[in-house]
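Read off the chains here:
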Amino acid sequence: MRSRLTAARSWGGVLVVWGGVAIGCTLVRAQEPLGPPPSLPRAGAAMAPAEVGDSPGVTVEQLAERLLEMERQNQALAEELMRTRAEHSEQMQLILQRLDEVSGRIRIGDDPELPVDDAAPAAPMPADPATVETPVPDYTEEQLAPVDPIPGYPRPSIAELGGFLLQSDEGKFRLRIHYESQIEGRFWDPIDQQPANSGIFLPRQRIFFSGNFTRPIEYEFSINRGFGTLNILNAFVNLHFDDRFELRLGRFFTPMFYDQFAISNYWLLTPERSIFTTNLSLNRQFGAMGWGYLFDKRLDYAAGVFNGSRNSFEAFNNALDLVGYVNARPFQQSEGLPMARFLNLGASVAFGRQDQPPVPASFRIGGGSPNADIPGAGTVPFLILNRGVQERGDRLIGSVHAAYFHQSLSLIGEWQYGYGGYAASPAAGSTRVPFSGFYVAGGYFLTGEEVERRTRLYPLRPLIPTRKGQRRGLGAWELTGRFSTLAMGEEVFNAGLADRNLWSNQAATTELGVNWYWNEYVKIYMFWLHGGFDDPVLYAPGRFQETADMFWLRFQLYF
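Computed from a predicted structure; not experimentally measured.

A. Highlighting the overall build of the chain. When its secondary structure is counted, the chain shows six helices and 19 strands. Sorting the 559 residues of the chain into buried and exposed places 48% on the buried side. Taking all contacts inside the chain whose residues are at least 6 apart in sequence as the whole, residues at least 24 apart take part in 66%. For the chain, the accessible area works out to roughly 26500 Å², and carbon and sulfur atoms hold 62% of it.

What follows is the structure in structure tokens.
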């Protein structure tokens, strides 16, 4: 009985060992064959405890040693498998992250079916400044996307540009619609001054229609609010066969002054442009302009011929203004000066001969355009020309500018100069009146947003999220300020063009405030403006003032 139990126990051990060997062989291949499986013994037969099966040289100890060796190999394979899975997971995460970044730049809109991790904030739509090769200023007012992407500067998606889009399948025919609305409150001190009034104003209410018919022919038509009517803001065709040279024909911004030509009003540091620009810039005119980008997009240029009158719709005489602009980013590809990458340097100039009614006839602070009547009731005049004065003779206007952007910082400065010919009456001779001025403006994002130019901003924590996965926050807060001056020569009084007893030929403004971006479409300006005049100016019958202060609150929507 004891011998049978001993034999049974021996056979049980053999079967257990053989089962382990069989299972191990399914995972790895043994280094040497184990031989055929053992034969079942006949009933009553006995076995030597040191041998198994029909292979007399293979013992239980050898099988156990082989099993241990295979277990070690299995453990090594399991560890290698775990490492491979970890590396694969990490690589997939990098690929998905890169794919998300690329798809965010080229997609037309957000796919509502895509899963979103609510625990992580969505990546901002614009490209990382470290990957942007060319921070091209906003010369198209962001209505037109480039036909061909600028090297290193991805084509904006519809989500980035905003608006509504209709297009053919091939993209040869597109119509994009944008809307801009500005509603503001102006509160002047002293409150009883005239003609400037405190109140609620609508400085801009605009609708833009832009796109292309065939790929290289772009267009824009936009309308602006008027008093009881609508008027044309922009109306032009842009022939875009090559980024190095484009031809624009129609009514549009002349390439004058950095704060006008390179920065759309939606993205200004302050509610309006500098006091020199708002009073003396040529603004929009009818004309033809060649423009483009050279030297790997390190140089932007524009040159054209335009009707002479500021902010004009029609020509008042046969003469045309010649206007030129150049802007360079000499260090944008420099590896040795990374902090100077977004430094812009340039100049602009315009020359022509005028013979027409003067525009503007009054020079103001707080204005928004050179015709000085938008909104006229909410601005303070510091110089008003006498009745009958004509703009006659040569006119030269120019500037030298610098703009610097680094992380959350924006710095812009421009020295502006020129002269204009004026006559006190149609029969009087022309007098040359010199102009001069400058402005220095700066802004810094307190909430960490970074900029490489003045364009659409995407808050890191929008107050009103516009895309899935965005974390709600307080929006983006930008602390800004500007000092701006305009001076006209004493000739404006000596030649009888204006009354020295009522007006001043010099004015300066200081503006301090905060820009609050709710998201990429909504912006709130909260500003204090202080104006100072070289001589006291008339603000009410028999009363004069040397300063004027205004609290400025503006709500802006651009979509």
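Right, picking up where we left off after that structure.
B. The arrangement of the pattern of salt bridges in detail. Counted by the stated rule, this structure contains 18 salt bridges. Put simply, E69 and R72 hold a salt bridge, and the shortest N to O gap is 2.5 Å. Placement of both E69 and R72 in helix α2 (residues 60–106) is noted, with a separation of three residues, approximately one turn of the helix. Given the relative accessible area of 29%, E69 is considered partly exposed. With a closest N to O distance of 2.7 Å, R329 and D300 form a salt bridge. Highlighted residues: R329 in the loop between β9 (320–328) and β10 (343–356) and D300 in strand β8 (residues 299–307), separated in sequence by 29 residues. As far as the burial class goes, R329 and D300 line up, both buried.

C. Highlighting the packing of aromatic side chains. Following the criterion strictly, the structure yields 20 aromatic pairs and no others. These aromatic residues form a ring-pair network of at least three members: F208, Y266, W267 and Y558. One Lys or Arg, R248, reaches over the ring of F236 and ends 4.6 Å from the middle of that ring. Positioned above the aromatic ring of F313 is the side chain of R251, whose terminal nitrogen or guanidinium carbon lies 3.9 Å from the ring centre.

D. Structural context of the environment of W552. Among the secondary structure elements, W552 is positioned in strand β19 (residues 543–558). Beyond its immediate chain neighbours, meaning those up to four positions away, W552 contacts E184, G185, R186, P271, E272, G366, E511, Y525, M526, F527 and L529. In this structure the side chain of W552 is engaged in a polar contact, spanning 3.0 Å, whose partner is the side chain of E184.

E. Here's a closer look at a nonpolar patch on the surface. Taken together, I183, F187, I200, L202, F551, L553 and F555 make up a surface patch of nonpolar side chains, about 630 Å² in accessible area. At the level of secondary structure, the elements contributing two or more residues to the nonpolar patch comprise β2 (173–189), β3 (199–213) and β19. Looking at the nonpolar patch element by element, the count peaks at three residues for β19. Note that F555 resides in strand β19.

F. Quick look at the pairing of β3. Summarising the sheet, β2 and β3 pair through 13 bridges and their orientation is antiparallel. Note that in β3 the partner of R186 across the bridge is G199. Here β3 pairs with strand β4 (residues 217–225) via seven bridges, running antiparallel. Its bridge partner being in β4, I207 is matched across the sheet by I223. Count of turn residues in the β3/β4 antiparallel hairpin: three residues, of which T214 carries a positive phi of about 65 degrees.

G. Spotlight on the pairing of strand β5 (residues 230–242). Note: β4 against β5, nine bridges, orientation antiparallel. Across the sheet, I217 pairs through a bridge with L239, a residue of β5. Looking at chain direction, β5 and strand β6 (residues 245–253) are connected through six bridges and run antiparallel. Looking across to β6, one finds that A235 is bridged to R251. Here β5 hands over to β6 after two residues, the two strands then running antiparallel side by side.

H. Broad picture of the nonpolar core. Judged by nonpolar contacts, the single largest core of 68 residues is most densely connected at F363, I365, F382, L383 and V492. When sequence neighbours within four positions are dropped, the list of residues in contact with F363 reads N279, L280, V380, P381, F382, L383, L385, Y422, L486 and M488.

I. Main features of the environment of L411. Mapping L411 onto the fold places it in strand β14 (residues 409–423). Sequence separation between L411 and T480 is 69 residues; the distance between their C-alpha atoms is 9.8 Å. Ignoring any residue separated from it by four or fewer positions in sequence, one finds L411 in contact with A402, A403, Y404, A441 and G442.

What counts, and where the lines are drawn
- Residues numbered from 1 in each chain as written.
- Predicted model: local features only at pLDDT ≥ 70, side-chain atom pairs only at ≥ 80, totals over all residues.
- Heavy atoms only, no water.
- Helix = DSSP H or I, 4+ residues; strand = E, 2+ residues; numbered from the N terminus.
- Buried < 20%, exposed > 50% of the residue type's maximum accessible area, 1.4 Å probe, protein only.
- Contact = heavy atoms within 4.5 Å.
- Areas by Shrake-Rupley, 256 points an atom, 1.4 Å probe, with all protein chains shown as cover.
- Salt bridge = Lys/Arg side-chain N within 4 Å of Asp/Glu carboxyl O.
- Phe/Tyr/Trp six-rings, centres within 6.5 Å; stacked < 30°, edge-to-face > 60°.
- Lys NZ or Arg CZ within 6 Å of the ring centre and 35° of its normal.
- Polar contact = N/O pair within 3.5 Å; in protein donor to acceptor, adjacent residues only side chain to side chain.
- Patch = residues over 30% accessible without salt bridge, like charges linked within 9 Å, V, L, I, M, F, W, Y side chains within 5 Å.
- Pairing = 2+ DSSP bridges.
- Core = buried A, V, L, I, M, F, W, Y, C linked by side-chain atoms within 4.5 Å.

Interpretation note: all reported values are geometric properties and have no functional meaning in isolation.
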